[in-house]
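Below, each chain spelled out in residue letters.
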Amino acid sequence: MNVLVIGGAGYIGSHCVRQLIAAGHNPVVLDNLVYGHKAALLPSVKFYRGDLADGEFVGNVLDKEKIDLVMHFAAFINVGESVSNPIKYYDNNLCGVVSLIDTMLKHGVKKFVFSSTCATFGIPESLPIVEDMPQHPINPYGQTKLDVENFLKNCAKAYGLNSVAFRYFNASGAAADASIGEDHKPETHLIPLAIYAAMGKRPALKIFGGDYNTPDGTCLRDYVHVDDLSRAHIASFDKLDGDGMFLHYNLGTGTPNSVMDIIKGVKEVSGLDVPYEMSPRRPGDPDALYANSEKAKSQLGWKIEYKDVRSIIETAWRWHSTHPDGFAE
């Protein structure tokens, strides 16, 4: 299958590109490189630099490459920034997708895989989180993702679009061979921040809140390996052969780990101390978030290869220790 990967030079997108190749598909990448890294792509992968909202440009790529399916990894993801600059997030995360789907439909492409988020649930009413729980986002990032999900439902009914949304929990880790990994600027994810602190590349790690209702007082989150996420996306392709459908799945291991668990794991894997300091809670951070992913397992045959957080940290450590400056473009 010819697959256009929007945002394919980013963290999750670049890992998915490699999993697509391993599964026998032909990925084509479109990325504006605002946050992505061209160095994350194999030289053999066809690359187009451009924006998803440029309908003429995207349409030409769809036609030229005879695209069968589009995957979207081009959202802005910084929750705090979404609060301080919501226009940026609505413009890219929502309006950009509306433009993209419009272009796809005009060019006869009706299969779409969307990267959503557990942030659409906000503060859950119970745990673990299952797909049919109420979705009440508490920040613009989560709201834009939910808005896209609702938009895709409407497009299924109106235009026969077939789409699937994957609600990620905490994407983490790196390729097993350490060839690609996480390189955000600025970095906001816990595992790389803990590794940077251990390596002395940043000041002490800030822990936001130590008085949550959890075993050690720090937040509990569900860390899922980026390659496992990618394999779930590809497993959904066979489900998108109808005439107007919207599917949705949670993707997480179902095992919660605290901030202190991550610090302990980084210390054990690296052999280095992780300096940290306690800071006040951030507004809106729930005590715990973790998934029930049985729906993806049963309907897609999804299998999690990285079942414990230490195995995920090991891949992240191999990447960061061998690429201390990231892709260094």
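This write-up is about the structure you can find in this document. None of these values were measured; they are calculated from a predicted model.

### Comments concerning the overall build of the chain
Turning to step 1, where the next piece is worked out: Secondary structure summary: the chain contains 10 helices and 12 strands in total.
Turning to step 2, where the next piece is worked out: Against the compact-globule benchmark of 20 Å for 329 residues, the chain has a radius of gyration of 19 Å, which places it among compact chains.
Turning to step 3, where the next piece is worked out: When each of the 329 residues of the chain is scored for burial, the buried share is 57%.
Turning to step 4, where the next piece is worked out: When the accessible surface of the chain is summed, it comes to about 13800 Å², and 51% of that surface belongs to carbon and sulfur atoms.

### Remarks on the packing of helix α8 (residues 259–270) against helix α10 (residues 309–322)
Turning to step 1, where the next piece is worked out: Contact geometry of α8 with α10 gives a least axis separation of 9 Å together with a crossing angle of 55°. The angle between the axes of α8 and α10 places the two elements in the oblique class. Considering how the two elements wind past one another, α8 and α10 form a crossing that is right-handed. Residue-level contacts link Ile262, Gly265, Val266, Glu268, Val269 and Ser270 of α8 to Val309, Arg310, Ile313, Glu314 and Trp317 of α10.
Turning to step 2, where the next piece is worked out: Classifying every residue of the contact of α8 with α10 by side-chain character gives 6 nonpolar, 2 polar and 3 charged.

### Concerning the sheet that holds strand β11 (residues 256–258)
Adjacent strands of a sheet form backbone hydrogen bonds with each other and so pair up, either parallel or antiparallel.
Turning to step 1, where the next piece is worked out: In space, the 3 strands of this open sheet follow the order β7-β9-β11, with mixed pairing throughout. Strands with a single pairing partner mark the edges of an open sheet, and in this sheet they are β7 (170–172) and β11. Adjacent strand axes in the sheet meet at a mean angle of 55°, parallel and antiparallel pairs treated alike.
Turning to step 2, where the next piece is worked out: As judged from the 3 bridges shared by β7 and strand β9 (residues 220–225), these two strands associate in the parallel manner. Along β9, the bridge assignment pairs Ser172 with His225.

### Focus on the packing of aromatic side chains
Turning to step 1, where the next piece is worked out: For the structure shown, the criterion picks out 6 aromatic pairs.
Turning to step 2, where the next piece is worked out: On the numbers, 5.8 Å between centres and 70° between planes, the contact of Phe76 with Tyr89 is edge-to-face. Of this pair, Phe76 sits in the loop between β4 (69–72) and α3 (79–84) while Tyr89 sits in helix α4 (residues 86–106), and the two are 13 residues apart along the sequence.
Turning to step 3, where the next piece is worked out: When its relative accessible area of 1% is taken as the criterion, Tyr89 is described as buried.
Turning to step 4, where the next piece is worked out: Geometrically, the ring pair formed by Phe112 and Phe114 is stacked, given 6.3 Å between the ring centres and 20° between the ring planes. Each member of the pair, Phe112 as well as Phe114, is classed as buried.
Turning to step 5, where the next piece is worked out: Through successive ring pairs, a cluster of aromatic residues spans Tyr35, Phe76 and Tyr89.
Turning to step 6, where the next piece is worked out: Seen from the ring of Phe76, Lys88 lies directly overhead, with NZ or CZ sitting 4.8 Å from the centre.

Cut-offs applied
Residues numbered from 1 in each chain as written. Predicted model: local features only at pLDDT ≥ 70, side-chain atom pairs only at ≥ 80, totals over all residues. Heavy atoms only, no water. Helix = DSSP H or I, 4+ residues; strand = E, 2+ residues; numbered from the N terminus. Rg over C-alpha atoms; globule rule 2.2 N^0.38 Å. Buried < 20%, exposed > 50% of the residue type's maximum accessible area, 1.4 Å probe, protein only. Areas by Shrake-Rupley, 256 points an atom, 1.4 Å probe, with all protein chains shown as cover. Axes fitted to C-alpha atoms, helices over the stretch in contact; angles between N-to-C directions. Parallel < 35°, antiparallel > 145°, perpendicular 65-115°, else oblique. Left-handed = near helix turned anticlockwise from the far one by under 90°. Contact = heavy atoms within 4.5 Å. Nonpolar A, V, L, I, M, F, W, Y, C, P; charged D, E, K, R; others polar. Pairing = 2+ DSSP bridges. Phe/Tyr/Trp six-rings, centres within 6.5 Å; stacked < 30°, edge-to-face > 60°. Lys NZ or Arg CZ within 6 Å of the ring centre and 35° of its normal.

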